[in-house]
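Geometric and topological summary
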Amino acid sequence: MVFKTPRYIIILQNDGKMMTKIRPVLVKSIPIIVSLAILVGLVFFVKLGSTTSEMGQTNYPKEFTKLSHPANSGLPPEVSPNKNNSELSWEKIAEKVGPSVVSISVASVRTAGVGSGMILDTRGRVLTNNHVVENFTKTGEIKIVLNDSSVYDAKIIKTDPTLDLAVLQMDSPPKNLVPVSFADSSFLKSGDPVIAFGSPLGLAGTVTTGIISAVNRPVTTKKTADNKNTSHIINALQTNAAINPGNSGGPLVDAAGNVVGVNTAIATDGVSQGNLGIGFAVPSETVNRALPFLLEGREFPHGRLGISVSAGVAELDNGKFLGSEVEEIVPDSAANQAGLKTGDVIVSVGNVRVSSQDGLVAVVNSYSAGSKLDLKIVRDGSELTIGAILRNVE
């Protein structure tokens, strides 16, 4: 089934078989009510006389909540992990995080829109989704509205379309900014409580609650505009906390009030009105790897294995398992250097289970060149673990 929105389509692949098409909240809508019926993006856009919505949410960790996880080296002092992991009430979480959440207003000659974001540090740097600001990199203006309704001009420091992340800089920010704190999303499990913050349909200061529905969900975003067709796959958190157009770039927060994800997309059937209870966020673990680069205005050097893969089935003595089968290997690539062979079926990367080719791509996309990944493979009926050092080549 394929459901299209003006700019994005998100494809959710489940168990390597079913493919459901979804979109990062960007939807055509004539008035707001109509956009609710078809919304599939997380940024709420208004197009002179008509409206287009897009939804999303984003956030980044200061210092990881779990003491067992190392602090983020290379980040400015203001962007460091929160070490208090005690649980709070929903009311206390909203009170704690609310001042750190912003609305992002974007406008050009033809289009205007509203997304969400989060304050990263006292210098006025803000994290949001790439799709919130991507149409305003050269023309138009970006304004950030704080929770006290004060407004500031902003500019883009750097974006990463692959991970759907963007870092903005506020002009002449106030001295009383309250940064978010981050927790390590790798500790999350299905059923953990979470709360989403943002400006759905332009309604600033909105909070919704839910749980983590699944982790390590490969979600493909595909942009179709200006005769361009590019797709990116993220290893997302899935949540049933209500996310709607305008939530894009806002934080998904755990029970201790720490950011664990950046809301970026929702699933839709193209018929039902509003959120279906299937939303996706970029994990803070992934954001943590990219943010040091983006904060400095540098490209995040996505690592590459250098292989082409297809859906595969690994056969072992205790049964058959879905995986990602290696079809081709690029000479002098990370895969070649690691000793991978055609016909190998990759079943996991580190502790992340891989049951499809999209699952493999999603995990690898979140790491930088130079990262070492332990690949569990099945070759000739035997299970092996191979270490591969990613390279920054296609």
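Residues numbered from 1 in each chain as written. Predicted model: local features only at pLDDT ≥ 70, side-chain atom pairs only at ≥ 80, totals over all residues. Heavy atoms only, no water.

In this section: the overall build of the protein. When helices and strands are counted, the protein shows 6 helices and 23 strands. The buried share of the protein, reckoned over its 394 residues, is 55%. In the protein, the share of contacts with a sequence separation of at least 24, taken over all contacts with a separation of at least 6, comes to 63%. In the structure as shown, the protein presents an accessible area of about 16,300 Å², 50% of it carried by carbon and sulfur atoms. (Helix = DSSP H or I, 4+ residues; strand = E, 2+ residues; numbered from the N terminus. Buried < 20%, exposed > 50% of the residue type's maximum accessible area, 1.4 Å probe, protein only. Contact = heavy atoms within 4.5 Å. Areas by Shrake-Rupley, 256 points an atom, 1.4 Å probe, with all protein chains shown as cover.)

The biggest cluster of nonpolar side chains holds 30 residues, and the ones touching the most others in it are Leu 127 and Leu 165. Listed by contribution, the elements that provide at least two residues to this core are helix H2 (90–97), strand S11 (165–170), strand S12 (193–198), strand S14 (228–239), strand S16 (259–266), strand S17 (279–283) and helix H4 (284–295). It is H4 that contributes the most residues to this core, 6 residues altogether. Membership of the second largest hydrophobic core comes to 19 residues, among which are Leu 305, Val 326, Val 364 and Ala 388. (Core = buried A, V, L, I, M, F, W, Y, C linked by side-chain atoms within 4.5 Å.)

Here we take up the pairing of strand S22 (residues 372–379). The sheet contact formed by strand S20 (residues 345–349) and S22 spans 4 bridges and is antiparallel. Residue pairing across strands places Ser 348 opposite Lys 376, the latter belonging to S22. Alignment of S22 against strand S23 (residues 382–389), held across 8 bridges, turns out to be antiparallel. Its bridge partner being in S23, Ile 377 is matched across the sheet by Leu 384. With antiparallel pairing between neighbouring strands as the criterion, S22 and S23 make up a hairpin whose turn holds 2 residues, including Asp 380 at a positive phi of roughly 55°. (Pairing = 2+ DSSP bridges.)

Glancing now at the pattern of salt bridges. Taken as a whole and judged by the stated rule, the model has 7 salt bridges. Here Asp 153 makes a salt bridge to Lys 143, at a shortest N to O gap of 2.5 Å. In this pair, Asp 153 sits in strand S10 (residues 151–160) while Lys 143 sits in strand S9 (residues 141–145), placing the two residues 10 residues apart along the sequence. We note a salt bridge from Asp 344 to Arg 379, for which the minimum N-O separation is 2.8 Å. (Salt bridge = Lys/Arg side-chain N within 4 Å of Asp/Glu carboxyl O.)

It is worth spelling out the pairing of S9 at this point. Alternating residues of S9 divide into Ile 142 and Ile 144, all buried, and Glu 141, Lys 143 and Val 145, none buried. Sheet analysis places strand S6 (residues 101–107) next to S9, joined by 5 bridges and oriented antiparallel. Bridging from a neighbouring strand, Ser 103 pairs with Val 145 of S9. The sheet contact formed by S9 and S10 spans 4 bridges and is antiparallel. Across the sheet, the residue bridging to Val 145 is Val 151, located in S10. The antiparallel hairpin formed by S9 and S10 contains 5 residues in its connecting segment, where Ser 149 sits at a positive phi of about 75°.

A word on the side chain of Asp 160. Of note, Asp 160 is situated in strand S10. No salt bridge forms around the buried Asp 160; measuring N to O, its nearest opposite-charge neighbour Arg 304 is 8.2 Å away. Here Asp 160 is in contact with Asn 130, Leu 165, Leu 294, Phe 300 and His 302, once residues within four sequence places are set aside. (Lys, Arg positive; Asp, Glu negative; His and termini not counted.)

On to the packing of aromatic side chains. In total, this model carries 1 aromatic pair according to the counting rule given. Residues Phe 293 and Phe 300 carry aromatic rings whose centres are separated by 5.5 Å and whose planes lie at 65° to one another, so their mutual orientation is edge-to-face. Taken as a pair, Phe 293 and Phe 300 share a single burial class, namely buried. Residue placement shows Arg 289 over the ring face of Tyr 367; its charged tip is 3.8 Å from the ring centre. (Phe/Tyr/Trp six-rings, centres within 6.5 Å; stacked < 30°, edge-to-face > 60°. Lys NZ or Arg CZ within 6 Å of the ring centre and 35° of its normal.)

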